[in-house]
Amino acid sequence: MTLGSKLKMASTTGAMALAMALGNPVYSQTALPWLSPDVIAEMTAAQGEAAREGIANRRAKMLLAAMTLDQKLQQLTGARPEILPDLPACYGARHVTAIAALGVPTYRITNGPVGLGQNDCVSPEVAKIPPSANGFGGISVGAYTHPSSAKATALPSAMAAAASFDPAVAGLYGEVIATEMHNLGLHVFEAPGVNLARLPVLGRNFEYFGEDPYLSGVMAVAETKAIQARGLIAMPKHYAANEQETNRMAIQTTVDRQVLRELYLLPFEMAVRDGKAASVMCAYNYVNGQSSCESRELLTDILRKDWGFTGYVQSDFFAMKSTVASFANGMDHEMPMPIQWAPDKIKAALASGALTVAQIDAALERRYTQAFKAGIFDRKLEQSPIDYAAGGKLARAIGGRGAVLLQNNGALPLRSGIKSLVLIGKASQVYAQQAVAGGAITGEPMGSGGGSSDVVPAYTVSPIEGLRSALGATASVKLVLVDDANASGTVDGTQVSFADAVAEAAKADAVVIMAGTISEEGADRATFTDTSGHQLASGAALGSGLDWYAARSNAIATSGEKNTARNSGTTAMIEALLAARSVTGRSMAAKSVLVLKDNAGVALPGSVIGAKGPAILETWFPGQEDGNIVADVLFGRVNPSGKLPVTFPQAGKGFLDHATPAQFPGVLAADGKTQTVTYSEKLAIGYRWYDANVSGGCAVRAGRNPCVAFPFGHGLSYTTFVQCAPKLVFDSARGSWRAQVRVKNSGKRTGAEVVQVYVSLPQSANAVGAVQPPKRLVGFQRIELKPGASGAVEIGIDPAATNHPLGVWDEKAHAWVIPAGRFTVWAGRSSAPADLVRVGYIDR
């Protein structure tokens, strides 16, 4: 079955899965009215979201009326790690323990977003490991992070899915996850992650969808719908303004409320209002002086009152900082164990009158309503074998869709008949040696990094395996690894000088160089003076380049002896290879490909950009199918169609080259403890920062920004496209506009193009508050065409849509407003001015 056919089937199979989930009753006791056959049948027959939720809420109220106080308190939090009674092969630390007498099932939660990492099931032997210094509450950290975790498909990074610019791919992503959740007997997926790539060095960028709030929101909605259509619960995270890992547990984030609404809350609003997310995870950080998990503004005023959220709020692990305030301001569920909501603390608050039983009931009612609605109470907790081959096939397809061809100087696609190929990378780096996922460590198996996205796969495909499989036995494929000093290396394990390593590349028919920017939850790609993370030892931009690395990407890197930041010499190696004299009749640039495996946007040196540089292919973190994904694109089995969800700056000219300590990592107060990061750039993040020429050195010349190596939305193909006949049409019946563009495949291969629509707001918008950037993304659509074929693309611009395409948040009016004046609508193949044409105007 083709990927396109699979995508078309997704909505149908999702509906079937939900019907099956609701029609597999585990209890039928008439003594438990919330589980009676009649109410289950009513739920199964209910038509529409509101009807199902109404019945689910009624069932939740019936259950609560039958519960004792102690039972309620036990259900408010996750359980301490234990062998699951239902699944004795699992030592679990991500669940709420069942109450069998009431038919309340074990409620199991898995981490995400790139597959089922930390999925409530490690080996029972982990229970015997004594707590270490970094244990949680007297429990070994292995209960949460041990690599004996149940296996699942390690998908490409969320950034790769975003690069597809196709919500159907995000839906397929969610389908793989949901299928395997049912296989493993899981109920809640802690994802999608929708924080923004404000900082290119943010350690968890790969878990998110990039720098644009609209793109992030579209992908989050599609993934959320795909998961929840299959009788499961999705949990967009981390709410809110959680854009750095450095000191994430206590960092104080100061962000203008207009900026908060227009950028950092927008993907959450879309996931809640359009995706009908059943839950949301609150973050570790403080936002404008309030803990995210006890902010009435975030949890009640915005989430519930403004957006109409009817789901429940779960804490990030160990994120809650109070007992009473968190209850009073909108929290519903503490994870992973009873700490702030330990029974003794809640009973004391009840006794003092600080809390009421009604507040406890409200928190449980919200979670139970969503659980009943998803059918979790109405099916047995059981496991079944995962079809690893099927998951791997879909992961491979997703990775191919997310690959972005940045430039091509004739090297790609590689000829299938080449006789010799050299794969070259750094001996200290993972990129050329093994399949890459977040937190990957050289020489260690995938899933051993310890972060939320550490999925333990059934297998991995290394780069050399993928390339050799593609070429077959008749071609020579050699692996060359070079030391950091560019003094020596190995060829297929045999020690050689660096000059000899370069000579191997010079005589090969094709050269594939692999590099990247590995990262992980727990730290950002930056060098600090010590492990406190209070003061940078070098510029913030250093970590956005290809040379920076540290032994452990999940721990703060320092200039001292602890997790020392190092220089891999990658850029110098690439320059040396390009400068070598090829002996095959083709220049080194013309036969070389730089394959990048990045966390997010990477600052590139001028030496690799342009006609004298190699072809450059961005594949993000490809996951378990790494070798196959890369080989598919390199050899043309997949025609790349991905677009950049982040900006790639020129080295030395990016946002981080101008960022102040207040912007990252934050400024330490006189008390020596409180660290505050200020989003003083306001609306100017990502491509908006470059468009606005904030630094003063990024004025556009001939339609190109001199500070940008490759712009947001950029991506080439092995074919060519022409966009023409742009037109803006007003739909008077709906009060919306449609941007229309015709696209022709003018090349010789079947391929896909993504039409992107941007809007420039009138000058009057600046009077509302923060200065608006020159343009914002408001729509996009992918179209696939055969050679010579043409097709029409139509992208709607609806002022009433949840992404507020024409709107500006007016904090004084506490409302979205549409400023008066002329809006300019642009369409094209990237955010670069040279790639856009004016479609028309909207006058308000």
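This section reports on the structure supplied with the text. (Residues numbered from 1 in each chain as written. Predicted model: local features only at pLDDT ≥ 70, side-chain atom pairs only at ≥ 80, totals over all residues. Heavy atoms only, no water.)

**Section: the pairing of strand S28 (residues 721-731)**
This is how it is decided: DSSP-based pairing: two strands are paired if at least 2 bridges between them are found. Counting from the N terminus, the helices are the DSSP runs of H or I reaching at least four residues and the strands are the DSSP runs of E reaching at least two.
One ladder, built from 9 bridges, connects S28 with strand S29 (residues 736-745); its direction is antiparallel. Opposite Val-729, over in S29, you have Arg-738 as the bridge partner.

**Topic: the sheet that holds strand S6 (residues 233-234)**
The 4 strands lie next to each other as S3-S4-S5-S6, forming an open sheet whose pairing is mixed. Looking at the sheet topology across the chains shown, the edges are occupied by strand S3 (95-96) and S6. Sheet topology places S3 next to strand S4 (residues 107-111); 2 bridges connect them, and they run antiparallel. Considered in S4, the bridge of His-95 is made with Arg-108.

**A few points about the sheet that holds strand S26 (residues 675-678)**
Strands pair in a sheet through their backbones, by hydrogen bonds, and they do so in one of two ways: parallel or antiparallel. With mixed pairing, 5 strands are arranged side by side in an open sheet as S10-S9-S7-S26-S25. Two strands bound the open sheet, and with one partner strand each, they are strand S10 (290-291) and strand S25 (667-668). Looking at chain direction, strand S9 (residues 286-287) and S10 are connected through 2 bridges and run antiparallel. Note on S10: the bridge partner recorded for Tyr-286 is Ser-291.

**Some details on the packing of aromatic side chains**
This is how it is decided: Pairing of aromatic side chains here covers Phe, Tyr and the six-membered ring of Trp, requires ring centres within 6.5 Å, and sorts the geometry by plane angle: under 30 degrees stacked, over 60 edge-to-face, intermediate tilted. Accessible area is worked out with a 1.4 Å probe on protein chains only. A residue is then buried under 20% of its type maximum, exposed over 50%, and partly exposed in between. Only lysine NZ and arginine CZ atoms are considered, and such an atom sits over a ring when it is within 6 Å of the ring centre and within 35 degrees of the ring normal.
Summed over the entire model, instances satisfying the criterion amount to 21 aromatic pairs. Taking the centre distance of 6.4 Å and the plane angle of 80° together, the rings of Phe-317 and Phe-318 count as edge-to-face. Seen from their ring centres, Trp-689 and Tyr-690 are 4.8 Å apart, and the 80° between their planes marks the pair as edge-to-face. With a relative accessible area of 3%, Trp-689 lands in the buried category. Through a chain of ring-to-ring contacts, the aromatic side chains of Phe-165, Tyr-214, Tyr-687, Phe-712, Tyr-758 and Phe-780 assemble into a single cluster. A cation sits over an aromatic face here: Arg-198 above Tyr-679, 3.9 Å from the ring centre. Between the NZ or CZ atom of Arg-261 and the centre of the ring of Trp-809, over which it lies, the distance is 3.9 Å.

**Looking at the side chain of Lys-72**
Selection rule: In this description, contact between two residues means that some pair of their heavy atoms is separated by no more than 4.5 Å.
For Lys-72, the location among the structural elements is in helix H4 (residues 69-75). Here Lys-72 falls in the buried class, since its relative accessible area comes to 8%. Apart from residues lying up to four places away in sequence, Lys-72 is in contact with Leu-64, Met-67, Val-357, Ile-360, Asp-361 and Leu-364.

**Focus on the pattern of salt bridges**
Our working rule: Each reported salt bridge corresponds to a side-chain nitrogen of Lys or Arg within 4 Å of a carboxyl oxygen of Asp or Glu.
Scanning the entire structure with this criterion turns up 42 salt bridges. Lys-72 is paired through a salt bridge with Asp-361; the nearest N and O atoms lie 2.8 Å apart. Here Lys-72 is found in helix H4, whereas its partner Asp-361 is found in helix H14 (residues 357-374), with 289 residues between them in sequence. The network of salt bridges with shared partners includes Arg-204, Glu-207, Glu-245, Arg-248 and Glu-521.

**A word on H14**
Our working rule: Any helix carries an expected span of 1.5 Å times its number of residues minus one.
Counted at 1.5 Å a residue, the expected span for H14 with its 18 residues is 26 Å, and the 26 Å between its end C-alpha atoms agrees. Restricting attention to buried positions, one finds in H14 the residues Ile-360, Ala-363, Leu-364, Arg-367, Tyr-368, Thr-369, Gln-370, Ala-371, Phe-372, Lys-373 and Ala-374. Downstream of H14 by a residue or two, Gly-375 has a phi angle that is positive, lying close to 85°.

**Regarding the nonpolar core**
Put simply, the rule reads: In plain words, nonpolar cores are sets of buried Ala, Val, Leu, Ile, Met, Phe, Trp, Tyr and Cys residues tied together by side-chain atoms within 4.5 Å.
Residues Tyr-239, Tyr-368 and Phe-372 are the most contacted members of the largest nonpolar core, which totals 141 residues. No other element matches helix H7 (residues 167-184), which puts 9 residues into this core. Excluding residues within four positions of it along the chain, Tyr-239 makes contact with Leu-265, Phe-268, Val-280, Met-281, Cys-282, Ala-283, Ser-292, Leu-298, Leu-299, Ile-302, Leu-303 and Trp-307. By size, the runner-up hydrophobic cluster in this structure holds 43 residues, among which are Met-159, Ala-197, Trp-620 and Leu-644.

**Comments concerning the packing of H7 against helix H8 (residues 213-228)**
Defined as follows: Axis geometry follows a simple rule: fit a line to the C-alpha atoms, using only the stretch in contact for helices, then measure angles between N-to-C directions, giving values from 0 to 180 degrees. Whether a crossing is left-handed or right-handed is set by the direction in which the near helix is turned from the far one by less than a right angle, anticlockwise for left-handed and clockwise for right-handed.
At a minimum axis separation of 7 Å, H7 and H8 run at an interaxial angle of 35°. Here H7 runs over H8; the crossing is right-handed. Mapping the contact onto sequence places Pro-167, Ala-170, Gly-171, Tyr-173, Gly-174, Glu-175, Ile-177 and Ala-178 in H7 and Val-218, Met-219, Ala-222, Glu-223, Ala-226 and Ile-227 in H8.

This is a description of form; function is not addressed.
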